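Spelled out, the chains give:
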Amino acid sequence: MNGIMLQTFEWDMPSDGTLWNHIRRHARRWAMLGVTAAWLPPAYKGSAGAMDVGYGVYDLYDLGEFNQKGSVRTKYGTVHEYISAVRHLRLAGIQTLGDVVLNHRLGADETESVRVTPVNPDNRLEAQGSQEDGSVYTRFTFPGRGRRYSPFTWDHTCFTSVDWNGLDPDHHLFLLDGKGFASDVDREHGNFDYLMGADVDVQAPHVREELFRWGSWYLHRTHLDGFRLDAVKHISAAFYRDFLRNLRQKTGREVYAVGEYWSSDLQALLSYLAQVDESMNLFDTPLHFHFYSASHSSGQYDLRDLFRDTLVGARPTQAVTFVDNHDTQPGQSLESWVDGWFKASAYSIILLREQGYPCVFWGDLHGIPEKGIGAVSELPMLMQLRLFHAYGPERDYFDDPNVVGFVREGDSSIPGSGLACLVTDEKGGKKRMEVGRQFAGKTFVCMVGDEKPVKIDADGFGTFSVRGGRCSVYIPRPTFSSFLYHIREWIRRFLTLRLF
Ligand code: CA
């Protein structure tokens, strides 16, 4: 079946500790919509405690269980609510993916005195002066947790660098004594190992060993199916290759993984995939930027270029396609929000085509009320169209800068399957497309858009249309057998019980 990943959070949702319970209650509804995997936000305690979105990680072993950083719970709830949400998702037949943030730590419990070398934040390979005394936040003792689950204490030997030295307010990045940046990371700023906080030295043997141990503990404690890996371009590629291999060997499980390599440069993504032996999928950031450009170019974008230098174009089996996420939403660090009028078009492209594993964003499915952004009203319908209609061979009509389209011929084992889709960033228009002779004499009806039904001619062609700045999706007119099939499929999904 056609899978759909759902990102189950957005950045600005209230810090009221209710998300895990909300997810638990929504699991079946999402399964009915066609969701097959849920990407959950970082579950461990961040330096901002109950306010932390989760990326300012303080203690990987505190999943909302210990009174640390001002509260027991995290932004999303307690450990028991988290594990219960994971269980309910699995019961609904939805895979669960935990967000794994191993690049950095924030909110150290104590400072340490250690020699440091200031380096240029814009070119991390360039020292700014000689070694000096430092007072740095690198000691993590986790007083609220004690030695429960792990006796490991983090100190300056576990980190490469920090951005703050109490004895030197003039510089903004410091390499710790005896440390260097990993060489197999992104090359921006000379070397992009350092991102924020205290940068974890994943190459130090004692740190590697502790993180490998944590990975097994996390899967065992929560029963997650896999991971979304944060900030992979800032972490030694060899580390995640080894981390995943170790975990898969130890658990004997598939452990699905998708990495966030935030770059619009396809070559950087392909090179990373080669370095990690293709042990993970990557989010298709170049495709996101095409959607962004198309939605902000007032009709000047050439839609024939949509897949140029994208991961789904070059390496479709490794690509997780998406429209927006918690970092691209308005006000966030990587803000590049796809404008509302183009959202349905972008989602029809990731959800209805053959290639790529689509990820739907909570902020598009449910809206971002904190920013006055409504849900994408066509999205539930597009997800259902993926579930029931987006099957069979694909035929592309990316032959015009302003109106492009594609068809799916359908699969005879799925009654009623097959579709035709048109997208425009301009005035709209018509396009004659071949859906196949099996539909000769039949009628296609418009499910997204306001177009009239289209009669398919004897050669299997129909002339489909789309209005300015919209998309349109047509399916074969439903029959009694396709109706019965849908009812049966909904019931099956509603009743699914996965035992584990
Ligand atoms: Ca790093």
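Residues numbered from 1 in each chain as written. Predicted model: local features only at pLDDT ≥ 70, side-chain atom pairs only at ≥ 80, totals over all residues. Heavy atoms only, no water.

Student: Got a sec to walk through the overall build of the protein chain? Specific residues and values, please.
Tutor: When its secondary structure is counted, the protein chain shows 11 helices and 25 strands. Compactness check: the protein chain gives a C-alpha radius of gyration of 24 Å against a globular reference of 23 Å for 500 residues, within 12% of the reference. Principal axes of the C-alpha set define a box for the protein chain whose edges measure 80 × 50 × 45 Å. Burial analysis of the protein chain (500 residues in total) assigns 59% to the buried set. In the protein chain, 71% of the contacts between residues at least 6 apart in sequence involve partners at least 24 apart. (Helix = DSSP H or I, 4+ residues; strand = E, 2+ residues; numbered from the N terminus. Rg over C-alpha atoms; globule rule 2.2 N^0.38 Å. Buried < 20%, exposed > 50% of the residue type's maximum accessible area, 1.4 Å probe, protein only. Contact = heavy atoms within 4.5 Å.)

Student: Account for the environment of Phe 483, with residues named and values stated.
Tutor: In this structure, Phe 483 sits in helix H11 (residues 480-495). Here Phe 483 falls in the partly exposed class, since its relative accessible area comes to 45%. Distance from Phe 483 to Pro 415, taken between C-alpha atoms, is 8.4 Å for residues 68 residues apart in sequence.

Student: Lay out the sheet that holds strand S5 (residues 95-100) with the relevant residues and their values.
Tutor: Each strand in a sheet pairs with its neighbour through backbone hydrogen bonds, running either in the same direction (parallel) or in the opposite one (antiparallel). The strand order around the closed barrel built from eight strands is S1-S2-S5-S13-S14-S15-S16-S17, with neighbouring strands paired in parallel fashion. Going from strand to strand, the sheet's axes swing by 25 degrees on average, the running direction of each strand aside. Relative to strand S13 (residues 226-229), S5 is paired through four bridges, and the arrangement is parallel. The residue of S13 that forms the bridge with Val 100 is Leu 229. (Pairing = 2+ DSSP bridges. Axes fitted to C-alpha atoms, helices over the stretch in contact; angles between N-to-C directions.)

Student: Provide a residue-level description of the side chain of Thr 96, including the pertinent values.
Tutor: In this fold, Thr 96 is placed in strand S5. Overall, Thr 96 belongs to the buried group, its relative accessible area being 0%.

Student: Account for the pairing of S13, naming residues and giving values.
Tutor: Of the two faces of S13, the one lined by Gly 226 and Arg 228 and the one lined by Phe 227 and Leu 229 are each fully buried. Pairing analysis gives four bridges linking S13 to strand S14 (residues 256-259), with the strands arranged parallel. Bridge pairing links Leu 229 to Gly 259 in S14. Handedness of the β-α-β unit built from S13, helix H4 (residues 237-251) and S14 comes out right-handed. (Right-handed = clockwise from strand over helix to strand, strands pointing away.)

Student: I'd love a proper account of H11, names of residues and values included.
Tutor: In an α-helix there are 3.6 residues to a turn, and that puts residues three or four apart on one side. In this model, H11 (16 residues) spans 23 Å end to end at C-alpha, consistent with the 22 Å of a helix rising 1.5 Å per residue. For H11, the full list of buried residues reads Ser 482, Tyr 485, His 486, Glu 489 and Arg 493. Down the axis of H11, the buried set is contained in an arc of 100 degrees. They therefore lie on one face. More than 90 degrees from the buried face of H11, the exposed residues found are Phe 480, Arg 488 and Leu 495. Where the residues of H11 are buried, they touch helix H1 (19-33) and helix H10 (379-388). (Expected span 1.5 Å × (residues − 1). Arc of directions from axis to C-beta.)

Student: Please give an account of the coordination of the calcium ion that cites residues and values.
Tutor: Metal coordination angles in their ideal form are 109.5 degrees for the four-donor tetrahedron and 90 or 180 degrees for the six-donor octahedron. Around the calcium ion, the donor atoms from the protein are Asn 103 (OD1), Asp 193 (O), Asp 193 (OD), Asp 199 (OD), Asp 199 (OD) and His 234 (O), and they sit 2.2 to 3.1 Å away. The site at the calcium ion holds six donor atoms, and with the angles between them running 44 to 162 degrees, its shape is irregular. For the calcium ion, the donor residues sit on a single chain with the sequence spacing N-x89-D-x5-D-x34-H. In this pair, Asp 199 is assigned in strand S12 (residues 198-200) and His 234 in the loop between S13 and H4, connecting sequence segments 35 residues apart. The buried category is assigned to Asp 199, whose relative accessible area is 0%. Accessibility expressed as a relative area gives 5% for His 234, which makes it buried. (Donors = N, O, S within 2.8 Å, 3.2 Å for Na, K, Ca; no water. Tetrahedral: all angles 85-135°; square planar, octahedral: opposite > 155°, others 65-115°.)

Student: Outline the layout of surface pockets, supporting the account with residue identities and numerical values.
Tutor: Rolling a probe over the atoms, with the probe sized like a water molecule, indicates the empty space that remains. Taken as a whole, the largest pocket holds about 450 Å³ of empty space. The wall of the largest pocket is formed by 21 residues, among which Leu 195, Glu 260, Asp 327, Ser 333 and Leu 334 lie closest to the centre. Residues of the lining of the largest pocket, tallied by class, amount to nine nonpolar, six polar and six charged. The computed volume of the second largest pocket comes to approximately 250 Å³. Along the wall of the second largest pocket there are 17 residues; nearest its centre are Gly 416, Ser 417, Phe 439, Lys 442 and Pro 476. (1 Å grid on protein atoms, 1.4 Å probe; cavity = no way out; pocket = protein on both sides within 12 Å on 5 of 7 lines; lining within 4 Å. Points joined across faces, edges and corners; volume = space filled by probe spheres on them. Nonpolar A, V, L, I, M, F, W, Y, C, P; charged D, E, K, R; others polar.)

It is worth stressing that arrangement in space is one thing and function is another; only the former is reported here.
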